[in-house]
Amino acid sequence: MSIPQSGGGPIEHRDQLAEYLASGCKPDADDWRIGTEHEKFGYCKDAQKPIPYDGERSIRAVLEGLRDRYGWNEVLESGYLIGLEKDGANVSLEPGGALELSGAPLETIHQTCDEVNTHLREVKDIADEIGVGFIGLGAAPVWTHDQMPLMPKGRYKLMDAYMDRVGTSGTTMMRRTCTVQVNLDFGSEADMVQKFRVALALQPVATALFANSPFFEGKPNGMKSYRSWVWQHLDPARTGMLPFVFEDGFGFDRYVDYALDVPMYFVYRDGKYIDALGQSFRDFMKGELPAMPGQTPTLSDWADHLTTIFPEARIKQYMEMRGADGGPWRRICALPAFWTGLMYDQSSLDAAWDLVKYWDTETREAWRVEAGVRGLQAIVGGRRMIDLAAEVLDISRAGLKARARPGLGGMVQDERHFLHALEDSVETGKTPADELLEHYHGDWNGDLSRIYAEYSY
């Protein structure tokens, strides 16, 4: 989850809202960067239970270890250590205690993978010393809601109180799901529109390829990506596939209209979160927000509000791909490679758009639902997901080849090898969820505790 935004003067007219989004445009493609975020569950190795915020074996102990040993700078809220920052990257806490790395904006997937590898090594060094493990899954496989502690962040306390009013799975999302996502740039409004449409339409392909949450509360849940199902039942006002993005005339201004109609969570002032649950940013613009009567927003308030919108892909001053389950190391690197190949080469972006441009709203939504349930075995309108995924991977692979970004001092000519984990899935028809279910029904003999020893980082 995002940290509070800062800076930005008062909003004096509505045009500033679209201008804020447009200010992220980078016309020179050489300036485009890749930012990868990934979350993982922490647990006590002996008891296989979630780690609390405080104590000898805790999230705070991990953060303090990273701070003291590896030179990260602490981020505090109301006296609590709730994050770290260094060299453009952030380590933060998800609501239920999952640890997230929000990576720096980097030029290549090679750099991203180095960043991920360094982070996981540092975390493991600290975690091993205190008897803690971390595991990459899309949903907590065994733990109940009551076993997952809520982290001491004001934003989370407000969200937790609101979630059950607007959907059935919000508190589950907060405490018991993890994701990996990539943040990418756009060059212009037209480029944003094309990328956004491709991102939304093909997000179910990422959901299927990265499906890694077939268990919940100690048993199979009947889905390949339970995390995807959770998001589908969270809050319809701020989630989904955004059909309006595919309408004629879509652009930054239309996204502003949508965002203004998403109910607010909070206003952040002087280090505190002010409850604005369910209130209107439009009223805030008029100085009529019940939580802060007579006051009007700043651009940092707008930036904060944009972080409370959770569609399958979203825009801020860059674009976020949000459809994948958290997973093992190879998949963390594969996710940014998958989307970079599709988005950062114009020929590949055009080919991806040609693949989906005639899909209607019902088709896109059907792929979203079926991907979560059946993964690569999904079928919509007679078309198989595994065939669609193979075609999309071909496009991504071509895009990475065209980018021709070498690694290992020139020993690796481009970034295509980061797709190997996904290519293996298409070749075998098995996602991580399928492999986990095979173990569960096979050599694990229904003993889900085996997942910790065999799938932790």
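Every value quoted in this text rests on a predicted model; they were computed, and no experiment measured them. (Residues numbered from 1 in each chain as written. Predicted model: local features only at pLDDT ≥ 70, side-chain atom pairs only at ≥ 80, totals over all residues. Heavy atoms only, no water.)

S.K.: What is the right way to look at the overall build of the chain in this model?
M.R.: Across its full length, the chain carries 17 helices and 16 strands. A compact globule built from 457 residues would reach a C-alpha radius of gyration of about 23 Å, and the chain, at 21 Å, matches this within 12%. A principal-axis box enclosing the C-alpha atoms of the chain has dimensions of 65 × 55 × 45 Å. Every one of the 457 residues in the chain was classed for burial, and the buried ones make up 59%. Accessible area for the chain stands at about 17200 Å²; split by element, carbon and sulfur atoms hold 48% of it. (Helix = DSSP H or I, 4+ residues; strand = E, 2+ residues; numbered from the N terminus. Rg over C-alpha atoms; globule rule 2.2 N^0.38 Å. Buried < 20%, exposed > 50% of the residue type's maximum accessible area, 1.4 Å probe, protein only. Areas by Shrake-Rupley, 256 points an atom, 1.4 Å probe, with all protein chains shown as cover.)

S.K.: So what exactly am I meant to see when it comes to the state of the cysteines here?
M.R.: Simply put, the disulfide is a covalent bond whose two ends are the sulfur atoms of two cysteines. Applying the stated criterion across every chain, the model contains 1 disulfide. Linked covalently through their sulfurs, Cys113 and Cys333 form a disulfide whose S-S length is 2.0 Å. In this structure the cystine formed by Cys113 and Cys333 twists about its S-S bond by roughly 100°; its chirality is therefore right-handed. Residue Cys113 is located in helix α3 (residues 109-130), and its partner Cys333 is located in helix α11 (residues 329-343); the two are separated by 220 residues in the primary sequence. Cys333 matches Cys113 in its accessibility class, with the two residues each being buried. In this structure Cys178 is a free cysteine whose sulfur lies 16 Å from that of Cys44, the closest cysteine sulfur available. Relative accessible area serves as the criterion here: at 1%, Cys178 is assigned to the buried category. (Disulfide = S-S within 2.5 Å.)

S.K.: Can you help me understand the environment of Leu388 in this one?
M.R.: Here Leu388 shows up in helix α14 (residues 385-403). Judged by relative accessible area, Leu388 falls into the buried class, the value being 0%. Remark: the alpha-carbon pair of Leu388 and Ile315, spanning 73 residues in sequence, is separated by 25 Å. The contact partners of Leu388, leaving out residues within four places of it in the chain, are Val205, Leu355, Trp359, Trp367 and Arg383. (Contact = heavy atoms within 4.5 Å.)

S.K.: Honestly, helix α15 (residues 420-428) in this entry has me stumped. Any pointers?
M.R.: An α-helical turn contains 3.6 residues, so a residue and the one three or four places further along point in the same direction. All of the buried residues along α15 are Ala421, Leu422, Ser425 and Val426. End-on, the buried residues of α15 take up no more than an arc of 140°, which puts them together on one face. Where α15 is buried, its residues touch α6 (189-209), α11 and α14. Once α15 ends, the next one or two residues include Gly429, with phi positive near 80°. (Arc of directions from axis to C-beta.)

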